[in-house]
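# Summary of the model geometry
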Amino acid sequence: MKKRFSLRHALVLAKRSLIKLTRTPEQLIDVTLQPVIFVTLFLYVFGGAISHGSQHDYLQFLIPGLVGQTIAMSSISIGQNMNADIGNGVFDRFRALPIGRSVPLVGAVLADFFRYLLLFVILVGFGYILGFRIATNPLLLLAALGLSICFALAFAWVSLWVGMTVRTAGAVQGVMFLLVLPLSFASNAFVQASTMPGWLQAFVNVNPLSHLVSAVRALLLGGPVAAQVGWTFAWIAGLLVVFFPLALRGYIRRT
């Protein structure tokens with residue numbers, strides 16, 4: 001009998017992942033302590049130089065940028081965890097259950113919703129303590145939160161694909177860093193794209209993180225929103241279309 005995908009099954013496995021997370025809270029470091037460290041370092045080490053002495057102005061620019069950067073960094077863990085679960089034989093048990101083949105992957109991604117929610121709240125909340133202020137309204141703040149989480153859940157499939165492709169959890173981290181670091185720093189997350197060489201600006205302007213960061217900045221601080229939000233949703237759709245089937249194919253091959 002063919003096993004079909006069920007959202008209920010995916011939610012059950014998402015609950016399993018959350019229970020596992022509560023028993024190993026150190027796995028939350030990348031969405032709790034890491035954003036605080038990044039804000040502190042970039043603001044007080046680079047902020048004065050980049051913004052010509054006005055750290056407050058740079059903080060307004062920095063927080064939306066770090067939303068994109070920390071989302072990309074935090075996506076690494078899901079690929080590592082799934083790779084480790086395969087090595088531990090967890091998915092051998094899943095294969096014996098009457099569930100669709102994609103259910104364990106979808107369940108893991110759904111569980112990450114809460115990690116990204118926590119990341120956004122801590123990042124914006126810590127920014128508020130340091131002086132960051134939203135210039136729009138609470139409705140657009142929620143829109144920025146929703147857009148960020150949607151992008152994060154789509155980008156997680158890149159990490160899952162890598163996790164299903166390479167042999168070890170350590171290799172997942174290495175490959176994802178090679179991908180995430182250029183996307184993070186060759187973007188408009190930390191400096192204006194206009195300050196970069198022309199050839200680099202061409203990449204920055206099509207970088208998916210640049211579109212996400214620009215959309216979050218517009219939603220939180222004001223400015224043209226529609227185009228950047230549209231491009232971000234286009235990237236979300238593209239990431240899902242490309243990397244969901246690749247991750248599922250890799251999972252089927254490994255298990």
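Residues numbered from 1 in each chain as written. Predicted model: local features only at pLDDT ≥ 70, side-chain atom pairs only at ≥ 80, totals over all residues. Heavy atoms only, no water.

A word on the packing of aromatic side chains. Counted according to the given criterion, the structure contains eleven aromatic pairs. Each ring, one from Phe42 and one from Phe46, has its centre 5.6 Å from the other, and the planes form 45°; the classification is tilted. With Phe42 and Phe46 both in helix H2 (residues 29–50) and four residues apart, the pair spans about one turn of that helix. You can call Phe42 buried: its relative accessible area is 11%. Using a relative accessible area of 41% as the deciding quantity, one classes Phe46 as partly exposed. A ring pair is formed by Phe42 and Phe190, whose centres lie 4.3 Å apart and whose planes are at 5°; its orientation type is stacked. Of this pair, Phe42 sits in helix H2 while Phe190 sits in the loop between helix H8 (169–185) and helix H9 (198–204), and the two are 148 residues apart along the sequence. Its relative accessible area of 6% is what places Phe190 among the buried residues. Of the aromatic side chains, those joined through ring pairs into one cluster are Phe38, Phe42, Phe46, Phe185 and Phe190. In this structure, Arg217 packs its charged tip against the face of Phe61, placed 3.6 Å from the ring centre. (Phe/Tyr/Trp six-rings, centres within 6.5 Å; stacked < 30°, edge-to-face > 60°. Helix = DSSP H or I, 4+ residues; strand = E, 2+ residues; numbered from the N terminus. Buried < 20%, exposed > 50% of the residue type's maximum accessible area, 1.4 Å probe, protein only. Lys NZ or Arg CZ within 6 Å of the ring centre and 35° of its normal.)

Packed helix pairs are specified by the crossing angle of their axes together with the interaxial distance, meaning the distance between the axes. Interhelical geometry of helix H3 (residues 55–74) versus helix H7 (residues 138–165) gives an angle of 30° and a closest axis separation of 10 Å. With respect to H7, the axis of H3 lies roughly parallel. Crossing of H3 over H7 shows right-handed handedness. When H3 is examined against H7, the residues Val67, Ile71 and Ala72 are found in contact with a partner set consisting of Ser148, Phe151, Ala152 and Phe155. Along the lines of polarity and charge, the residues of the contact of H3 with H7 split into six nonpolar, one polar and no charged. (Axes fitted to C-alpha atoms, helices over the stretch in contact; angles between N-to-C directions. Parallel < 35°, antiparallel > 145°, perpendicular 65-115°, else oblique. Left-handed = near helix turned anticlockwise from the far one by under 90°. Contact = heavy atoms within 4.5 Å. Nonpolar A, V, L, I, M, F, W, Y, C, P; charged D, E, K, R; others polar.)

Now for the pattern of salt bridges. The final tally for this structure, using the stated rule, is two salt bridges. Note that Arg115 is salt-bridged to Asp30, the shortest N-O span being 2.5 Å. A residue pair is termed long-range when its members are at least 10 positions apart, and Arg115 in helix H6 (residues 103–130) and Asp30 in helix H2 qualify at 85 residues. What makes Asp30 buried here is its relative accessible area of 12%. (Salt bridge = Lys/Arg side-chain N within 4 Å of Asp/Glu carboxyl O.)

Its 28 residues place the ends of H7 41 Å apart at the C-alpha level, agreeing with the 40 Å of an ideal helix rising 1.5 Å per residue. For H7, the N-terminal capping position is held by Asn137, with its side-chain oxygen 3.0 Å away from the main-chain nitrogen of Leu139. (Expected span 1.5 Å × (residues − 1). Polar contact = N/O pair within 3.5 Å; in protein donor to acceptor, adjacent residues only side chain to side chain.)

Glancing now at the packing of helix H1 (residues 7–23) against H6. The contact between H1 and H6 brings their axes to 7 Å, and the two run at 55°. One element, H1, and the other, H6, form an angle in the oblique class. Taken as a pair, H1 and H6 cross one another with a handedness that is right-handed. Contacts from Leu7, His9, Ala10, Leu11, Leu13, Ala14, Ser17, Leu18 and Leu21 in H1 reach Val103, Pro104, Val106, Gly107, Ala108, Leu110, Ala111, Phe114 and Arg115 in H6. Residues that form the contact of H1 with H6 fall into these classes: 14 nonpolar, three polar and one charged.

Of all residues in the chain, 97% have pLDDT values of 70 or greater, and the mean over the chain is 90. Mean pLDDT in the chain bottoms out at helix H5 (residues 90–95), which sits at 72, and peaks at helix H10 (residues 208–221), which reaches 97. (pLDDT = per-residue confidence, 0-100.)

The next subject is a nonpolar patch on the surface. A cluster of nonpolar side chains, namely Ile29, Leu33, Ile37, Leu41, Val45, Phe46 and Ile50, defines an oily patch on the protein surface of about 600 Å² accessible area. For Val45, the location among the structural elements is in helix H2. Residue class for Val45 comes out exposed when judged on its relative accessible area of 52%. (Patch = residues over 30% accessible without salt bridge, like charges linked within 9 Å, V, L, I, M, F, W, Y side chains within 5 Å. Areas by Shrake-Rupley, 256 points an atom, 1.4 Å probe, with all protein chains shown as cover.)

In terms of nonpolar packing, the biggest core is built from 71 residues, with Leu105 and Phe155 touching the most fellow members. Looking at which element gives the most residues to this core, the answer is H7, with 15 residues. Setting aside residues no more than four positions away along its own chain, Phe155 makes contact with Ala72, Ser75, Met176, Val180, Leu183 and Leu239. With five residues, the next largest nonpolar core counts Ala186, Ala193, Met196 and Val204 among its residues. (Core = buried A, V, L, I, M, F, W, Y, C linked by side-chain atoms within 4.5 Å.)

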